[in-house]
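Structure at a glance
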Amino acid sequence: MFAVNTAILEQTNQILHIIFLFLPFLWAMGILPPLDALFLWGMEQLLEFGLGGSPMSSNTKLLVMFLISAGTAIASYFIPSTLGVILFMTGFGFILSLNLSEIGFAFKHTMISHLASSKSKNMHRGLRIQFGWREFIFYLTVLTFALIEASLLHQFAGFSSFSKASPQAIASYILIILLIIMWLLREIQRVYLFGVFRNPFYPKDVRTVTVFMEKQRRLMKVGVVRRILLTLVSPFAMIAFLSLDRSLQNLHSVSVCIGFTRIFRMVWQNTENALLDIVVVSIAQMLVFNPDLWWNRSLDTGIRLLLVGILRDRLLQFVSKLQFAIAILLTSWTEKKQRRKSTATLITLNVIFLPILLTFVAISALLSSPLLPLFTLPVFLIGFPRPIRSWPGPVGATACVCSDTVYYQQMVPSLAVALQSALAAGSLGLSLPGSHYLCRFQDRLMWILVLEKGFTYCGVNIKGLELQETSCHAAEAHRVDEIFEMAFEHQEHAKILSPNYHFGHILTPCTVLPVRLYSDARSVLSGIIDSHENLKHLKDDFIKVLVWMLVQYCYKKSKTLESPGNADKSKGGSFPENPHSGAVERSRPLREEDSFSVDTIEDWTDDSDIFDLEPSGRLKDRKEPGQLGTTPKVHLPIPGSVETRSQDVPQEMSPEDKLYRAVVLGLPAVDKGKQQEVLPQVEFSCCYSELLSIPEEWRTAPVPTSKVNEMRQRFPEEWYHFTLSQLDFFHLKEKPSNLLEDLMKDKALKDLYIHGVLSCCFGLFGLDNTVPAPSHVFRAYTGGIPWSVGLDWLTGKPELFQLALKAFRYTFKLMVDKASLGPVENFKELANYLEEYENDWYIGLVSDLEWQQAVLQEKPYLFSLGHDPNMGIYTGRVLTLQELLVQVGKLNDEAVRGQWANLSWELLYATNDDEERYSIQAHPVLLRNLTVQAADPPLGYPIYSSELLHLPLF
């Protein structure tokens, strides 16, 4: 006995020596798994195939769910009665298949909200997050009926053996019919039957949402029927089949505990696959009644279902991996750009060593590990086993965020809602954890990965790929467009059951989804921006728009202020926001008035020292006109000297110091009497005019009087009166009936607006009256006008500058609309244009932060002006928010996993980070470049990656 054991140990020692010898090679080839990946893969496989669960989206959830599920299976072994075992397995199988993390989060949020609002009147408002009272009642009802059904059937009909007329056989007939019906209802909703033939029931030539929804009403009804069968009918039918099984009479059997704990949970967790497994087992029982057969003698129903489930999964993986391998082999020759000098040799070697290739495919399927094409060439290895999500780290934690990310952030909530309906109805096919989908709309590509699946819920991650297309990206995106157009748009005159001409491609079209997102339209503005006729009216339109903008600005600010209570006591109007009664300090131009005056002469006496800092007499005790506080004195030291004088204690100064302080050597002379002045107070004829008064510093631009008179003549008085007439002043408690008429007659108020408009025109256009050139219009739109005195003054008033820039952009959009839609007929139409711009549009630049905020806030329209320096053309870009159709296709899961495995091996093991490496180049069939993009950073570079999205599938 000892000798036999010694021989076995020696043989084992020799085998291990050989294995250890090859370990470095296996590690270098990426076949030897890291310990963390191996541990997580093992837990995931045991949870899915041994305990009936689902892969999880995070390591923590996977570990917790594995421990709970294993504890449930162990606990069922110690239950003393068969009825107790049935109830325990049914109850816990249902509970563990629910989205427990979201239920726990909702319960926690509800308790916090309830405690926080216990003293408020609204404490009894119903909870509603992802899980509310409706879902709670639904789940409780389903669980109650499942427990009642299982207990009754097992108690009164669970002792008969299986025969063609037994209750269990009748249940199996029902399950077979359900499987066929659900399979047909699922396939009939997809654009291709089995991915090969065009579905004659699917709407043809689908381009608009209204047409599609009208044509798809019947298919939507089909989806509702399938959802009911999948959610309610099938699980109860399977519980009936399982409750009637005689194997449950064998208490304290490990095989019964493992097998039936798994299938009672899988009935809810993965209903479609559980239905297929039970039908296969029941058909085998019907065909093989021989009790002496190994299948019937040694295995109970639970273990049979476990073996069938593993066999089904591995067989589907084998077929999918084989399709991937064949696609690489064929396209390496048929695609000219993929053909290399070594291609013929590699294909020949694969044909010669076909049994070895099939063995590699079978082993990778058996281990549920990816089939790794080395550098995506037809050289295949077995990748190391890893979890189904392929990448470590939290879902959606990293992405290469850029300015285009906001377009995906805006559309993902709406896309998630559309996915709920599609997944529940079955129009996306059989969606399991590890399934990949690709969505396409204009220049946007969304990559969807299913991470979790359970009873009435699905957990997905949505990634957004870059919009700035490289040549490789564009080549593959063009092929994706071809596939979707062939499936959805070019079918008006196609034959019935026309074939899928792109069969064998890793992308198979499924359906289209209505999603609320931005459509992107770009146009060339040649003939508009360079039209002399359009540019000639630009300044006049700008004045009108600016008047409207200033009136609206002042009116909105007046709503935040109280009605002028002392308006009747003092008609000297001032802008209510100014705390100094309209007195604005500013420096006047030297040419307007000399600083020398009689008053200053009287301040000097014969005893005065001309070098004194302040003249003796009244000047010490009085303040200058317009001065609201003590003017700070100039204390500048002589260059190179040491200043020892205290600011508060006057000391003796040398005559040179006094001389320097008097004339301020080395700097322009400061005219102390000219530093500040008081603008004349505006005398309003209407006491309410101060509510619409613009800040007086906004009309202080250094412009000559002649330009003010010229602006008075150009000022659109009728438009100004019309704009005032549109104001309602509802926020005033007491107002006279003729308020608007008094405002229109107030010449002082009109002069304020004339000066304000002139100041903005001076800043943007200067003092000349020439027609602006297209280049100046573009620079003014972008805020990049060359420096000038007027612009320097205008930018010193940031709020006014932003108003002027906004008014100019509105004016440019108005010019484009007038050129496209025709001239504006009257003031009412012009006001409607401007109100629409204000409420429904963002008019600016794509690079603005406000542009991204407008996208996230879902502004209905966005407009931007651009310039192509290479072609010398100006372009307009309009984003329109609307519900449009997004095309969805299913990807070959194993093709994605295989390419991701190669990416990981090539960058981490082979350290080949060349940006132009072969494995990242365009491949129209494998979508190699897009697949690499969709990998998690740092190996991939999606510009958007969502957190785990929990989609309820009621």
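The next point concerns the overall build of the protein. Scanning the protein for helices and strands turns up 32 helices and 15 strands. The burial tally for the protein puts 50% of its 954 residues in the buried class. By sequence separation, contacts in the protein at least 24 residues apart represent 75% of the contacts at least 6 residues apart. Only carbon and sulfur atoms are counted for the fraction: they give 62% of the accessible area of the protein, which is about 46900 Å².

On to empty space enclosed by the protein. Summed over all chains, the structure comprises twelve cavities of 30 Å³ or more. Quantified by volume, the largest cavity comes out at close to 260 Å³. Taken together, 21 residues line the largest cavity, and the ones lying closest to its centre are Leu-230, Thr-271, Lys-453, Gly-454 and Leu-953. Contributions of two or more residues to the lining of the largest cavity are made by helix H9 (217-243), helix H10 (254-269), helix H11 (271-287), helix H16 (405-425) and strand E6 (444-454). The leading source of residues in the lining of the largest cavity is H9, at four residues. Of the residues contributing to the lining of the largest cavity, the split by class is eight nonpolar, nine polar and four charged. There is about 160 Å³ of room inside the second largest cavity. When residues of the lining of the second largest cavity are traced back to their parent elements, those giving at least two are helix H19 (538-559), helix H22 (705-714) and helix H25 (747-765).

Attention shifts here to the side chain of Gln-216. Mapped onto the secondary structure, Gln-216 falls in the loop between helix H8 (209-215) and H9. Excluding its chain neighbours within four sequence positions, the residues that come into contact with Gln-216 are Pro-203 and Thr-511.

The end-to-end C-alpha distance of helix H4 (residues 82-96), which contains 15 residues, comes to 21 Å, matching closely the 21 Å that a straight helix rising 1.5 Å per residue would cover. Turning to H4, its buried residues number three or more, namely Thr-82, Val-85, Ile-86, Phe-88, Met-89, Thr-90, Gly-91, Gly-93, Phe-94 and Leu-96. Where H4 is buried, its residues meet helix H3 (59-77), helix H5 (100-116), helix H6 (133-157), H9 and H10.

Moving on, we get to the confidence of the model for the protein. Per-residue confidence for the protein gives a mean pLDDT of 82, with 84% of residues at or over 70. Across residues 119-129 the pLDDT falls below 50, and counting only partners more than four positions away or on other chains, this stretch makes twelve contacts in the model. This model gives residues 655-677 a pLDDT under 50, and the stretch forms 40 contacts once residues within four places in sequence are excluded.

Attention shifts here to the packing of aromatic side chains. Summed over all chains, the structure comprises 39 aromatic pairs. Note on Phe-484 and Phe-488: the rings are 6.0 Å apart at their centroids and 25° apart in plane angle, and the pair reads as stacked. A residue pair is termed a helical-turn pair when its members lie 3 or 4 positions apart in one helix, as Phe-484 and Phe-488 do in helix H17 (residues 471-488) at four residues. We note Arg-340 situated over the ring of Tyr-918; from NZ or CZ to the ring centre the distance is 4.8 Å. Arg-809 extends its terminal NZ or CZ atom over the ring of Tyr-781, reaching a point 5.2 Å from the ring centre.

Another aspect to go through is the nonpolar core. Counting 81 residues, the largest nonpolar core has Leu-692, Phe-729, Tyr-753, Val-757, Phe-808 and Phe-812 as its most contacted members. Of all the elements, H19 adds the most residues to this core, at 13 residues. Judged by nonpolar contacts, the second largest core, of 45 residues, contains Ala-325, Ala-327, Leu-445 and Ala-935.

A few words now on the pattern of salt bridges. Evaluated as defined, the whole model comprises 29 salt bridges. Ionic contacts of the salt-bridge type, sharing partners, join the residues Arg-186, Glu-187, Arg-190, Arg-226 and Glu-272 into one network.

When the terminal C-alpha atoms of helix H15 (residues 354-367) are compared, their 20 Å separation across 14 residues agrees well with the 20 Å that a helix rising 1.5 Å per residue should span. Among the structural elements, helix H13 (301-334), helix H14 (343-352), strand E3 (371-373) and strand E4 (380-382) are those in contact with the buried residues of H15. Ser-368 lies just past H15 and shows a positive phi near 55°.

A few words now on the side chain of Glu-335. Mapped onto the elements, Glu-335 comes out in the loop between H13 and H14. Among residues more than four places away in sequence, those in contact with Glu-335 are Arg-479, Pro-924 and Val-925.

Turning our attention to the packing of H13 against H14. As a packed pair, H13 and H14 sit with axes 10 Å apart at the nearest point and diverge in direction by 150°. As far as their axial angle goes, H14 and H13 are roughly antiparallel. Note that H13 runs across H14; the crossing there is left-handed. Contact residues: H13 offers Leu-329, Ser-332 and Trp-333, while H14 offers Thr-343, Ala-344, Ile-347 and Asn-350. Residue composition of the contact of H13 with H14, grouped by class: four nonpolar, three polar and no charged.

Attention now moves to unusual backbone geometry. Note the cis peptide between Pro-937 and Pro-938, where omega equals 10°. Relative to the helices and strands, Pro-938 is located in the loop between helix H32 (928-933) and strand E14 (944-945). Despite not being glycine, Phe-375 has its phi angle at roughly 55°, a positive value. Tracing the sequence through the fold places Phe-375 in the loop between E3 and E4. In the Ramachandran plot, Ser-390 falls in the positive-phi region, its phi being about 75° despite a non-glycine side chain. Inspection of the secondary structure puts Ser-390 in the loop between E4 and H16. What makes Ser-390 buried here is its relative accessible area of 14%.

With that settled, consider the environment of Asn-839. With respect to the element layout, Asn-839 can be found in helix H29 (residues 827-840). Sequence separation of Asn-839 and Lys-859 is 20 residues, and the distance between their C-alpha atoms is 8.4 Å.

Conventions adopted
Residues numbered from 1 in each chain as written. Predicted model: local features only at pLDDT ≥ 70, side-chain atom pairs only at ≥ 80, totals over all residues. Heavy atoms only, no water. Helix = DSSP H or I, 4+ residues; strand = E, 2+ residues; numbered from the N terminus. Buried < 20%, exposed > 50% of the residue type's maximum accessible area, 1.4 Å probe, protein only. Contact = heavy atoms within 4.5 Å. Areas by Shrake-Rupley, 256 points an atom, 1.4 Å probe, with all protein chains shown as cover. 1 Å grid on protein atoms, 1.4 Å probe; cavity = no way out; pocket = protein on both sides within 12 Å on 5 of 7 lines; lining within 4 Å. Points joined across faces, edges and corners; volume = space filled by probe spheres on them. Nonpolar A, V, L, I, M, F, W, Y, C, P; charged D, E, K, R; others polar. Expected span 1.5 Å × (residues − 1). pLDDT = per-residue confidence, 0-100. Phe/Tyr/Trp six-rings, centres within 6.5 Å; stacked < 30°, edge-to-face > 60°. Lys NZ or Arg CZ within 6 Å of the ring centre and 35° of its normal. Core = buried A, V, L, I, M, F, W, Y, C linked by side-chain atoms within 4.5 Å. Salt bridge = Lys/Arg side-chain N within 4 Å of Asp/Glu carboxyl O. Axes fitted to C-alpha atoms, helices over the stretch in contact; angles between N-to-C directions. Parallel < 35°, antiparallel > 145°, perpendicular 65-115°, else oblique. Left-handed = near helix turned anticlockwise from the far one by under 90°.

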